Amino acid sequence: MASSKSPLKSKPLRNPGESANEALQDLWMGKILSYFLMAGLFVALAALESLRWYIEAPINPVLFIICAAIAVTVAVWKIRDEIKKSKCLALGRDGEKAVGQFLEGLRESGAKVFHDIPGVGFNIDHVVIHSTGIYVIETKTYSKPVRGDARLIYDGETVTANGFKPERNAIIQVRAASQWLVDLVQESTGMKFPVRAAVVYPGWFIESTAKAKLSDVWALNPKALPSFILNSKVTLKAEEVQLCAYHLGRYVRSSNK
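Computed from a predicted model, the values in this text were never measured in an experiment. (Residues numbered from 1 in each chain as written. Predicted model: local features only at pLDDT ≥ 70, side-chain atom pairs only at ≥ 80, totals over all residues. Heavy atoms only, no water.)

(A) Local environment of the overall build of the protein. Along its length, the protein carries 5 helices and 8 strands. Mapped in sequence order, the helices and strands of the protein form the string α-α-β-β-β-β-β-α-β-β-β-α-α. Residue pairs in contact within the protein that sit at least 24 positions apart in sequence constitute 65% of those at least 6 positions apart. Carbon and sulfur atoms form 61% of the exposed surface of the protein, whose accessible area is close to 15400 Å². (Helix = DSSP H or I, 4+ residues; strand = E, 2+ residues; numbered from the N terminus. Contact = heavy atoms within 4.5 Å. Areas by Shrake-Rupley, 256 points an atom, 1.4 Å probe, with all protein chains shown as cover.)

What follows is the structure, encoded as structure tokens:
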């Protein structure tokens, strides 16, 4: 029988960027490190056989040297590819942390703030439950040009930078996440609350067209998001904020690994 137990009655909530951080650790430990080890093994074998050849042992190192060269070439190519992926994951993780810090200030106005809510095959970066409503927030962190205008154009359906559209449409993504949260809250509380969707782009200026201003999805720089939330119309009673926060918190804790 255990002589002690944890003082925590429930699992902690998740931090901003936690899924990205877990993926980043898996990438380094599961792939990049294995390529290093594979290349190192063949180099070691080649070195050993070279030594035996040098001291005139009757073994030819040519085959091992060729295998080592192939292994190192493959490893370098794979590692370079995985490092690119790790940089993207790290950028996304840091962007989520930065946005999370902006949102944490909303707690002073009574908001309940959640980060990295796991769904089925996806995760929601941030959820804010405030008297002005429930907000699903997706963070997209893109590298900016060294020179020139760091400006994104939002037309209500897509966000483009110099005519370039990202592979995944963040607007469609956040709409789907919002509907998932509507269903989750309704299932757990028995009540249906509207959810507002927002996509934020750290470090970028967002230029919205006239059509975008009528859209059901906000596209913003994260610095502007708290003001948009605070200045929106009050739609939830204090007890409704507490109710939704309680059930969402319970869901997140039960989903933690």
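(B) Representation of the packing of aromatic side chains in the model. The final tally for this structure, using the stated rule, is 5 aromatic pairs. Taking the centre distance of 6.0 Å and the plane angle of 40° together, the rings of Y142 and Y201 count as tilted. Linking Y142 in the loop between β3 (133–139) and β4 (151–154) with Y201 in the loop between β6 (195–200) and β7 (205–208), this pair joins segments that are 59 residues apart in sequence. Clustering of aromatic rings is evident, with ring pairs tying together F122, W180 and Y251. (Phe/Tyr/Trp six-rings, centres within 6.5 Å; stacked < 30°, edge-to-face > 60°.)

(C) Looking closely at the pattern of salt bridges. Applying the stated criterion across every chain, the model contains 6 salt bridges. Here K140 makes a salt bridge to E138, at a shortest N to O gap of 3.5 Å. In terms of burial, K140 and E138 fall into one category: buried. A salt bridge links E207 to R151; the nearest nitrogen and oxygen atoms lie 3.0 Å apart. Highlighted residues: E207 in strand β7 and R151 in strand β4, separated in sequence by 56 residues. Assessed through its relative accessible area of 35%, E207 is described here as partly exposed. In the salt-bridge network here, residues are joined through shared partners; they are E157, R175 and D216. (Salt bridge = Lys/Arg side-chain N within 4 Å of Asp/Glu carboxyl O. Buried < 20%, exposed > 50% of the residue type's maximum accessible area, 1.4 Å probe, protein only.)

(D) Spotlight on helix α5 (residues 238–255). With 18 residues, α5 ought to run about 26 Å at 1.5 Å a step, and its terminal C-alpha atoms sit 26 Å apart, in line with that. Among all positions in α5, only E240, V241, C244, A245, H247, L248, G249 and V252 are buried. Packed against the buried residues of α5 are β1 (112–118), β2 (123–130), β3 and α3 (170–189). (Expected span 1.5 Å × (residues − 1).)

(E) Examining the nonpolar core more closely. Residues V127, I129, I134, L181, Y201 and L248 are the most contacted members of the largest nonpolar core, which totals 37 residues. Mapped onto this core, the elements with two or more residues apiece are β1, β2, β3, β4, α3, β6, β8 (217–220) and α5. Broken down by element, this core gets its largest block of residues, 9 residues, from α3. Ignoring any residue separated from it by four or fewer positions in sequence, one finds L248 in contact with F114, I117, V127, I129, L181 and L184. Listed in part, the 14 residues of the second largest apolar core include V99, V113, V128 and V200. (Core = buried A, V, L, I, M, F, W, Y, C linked by side-chain atoms within 4.5 Å.)

(F) Structural detail: the layout of surface pockets. Considered as a void within the structure, the second largest pocket measures approximately 200 Å³ in volume. As for the second largest pocket, its lining consists of 14 residues, of which S208, W218, A219, L220 and F228 are closest to the centre. Only β7 and β8 provide two or more residues apiece to the lining of the second largest pocket. Here the element with the most residues in the lining of the second largest pocket is β8; it accounts for 4 residues. Here the residues of the lining of the second largest pocket sort into 9 nonpolar, 3 polar and 2 charged. (1 Å grid on protein atoms, 1.4 Å probe; cavity = no way out; pocket = protein on both sides within 12 Å on 5 of 7 lines; lining within 4 Å. Points joined across faces, edges and corners; volume = space filled by probe spheres on them. Nonpolar A, V, L, I, M, F, W, Y, C, P; charged D, E, K, R; others polar.)

(G) Molecular detail of the environment of F122. Relative to the elements of secondary structure, F122 occurs in the loop between β1 and β2. Residue F122 is classed as partly exposed on the basis of its relative accessible area of 33%. When near neighbours in sequence (up to four residues on either side) are disregarded, F122 contacts I117, A177 and W180.

(H) Quick look at the environment of V72. With respect to the helices and strands, the residue V72 is situated in helix α2 (residues 62–104). Separated by 30 residues in sequence, V72 and F42 have C-alpha atoms that sit 7.9 Å apart. In contact with V72, not counting residues within four places along its chain, are A39 and V43.

(I) Highlighting the side chain of K140. Looking at where K140 falls in the secondary structure, it is placed in the loop between β3 and β4. Look at K140 and you get buried, because its relative accessible area is 13%. At a separation of 3.0 Å, a polar atom in the side chain of K140 contacts the side chain of Q173. Contact partners of K140, with chain neighbours within four places excluded, come to A170, Q173, V199, V200, Y201 and P202. (Polar contact = N/O pair within 3.5 Å; in protein donor to acceptor, adjacent residues only side chain to side chain.)

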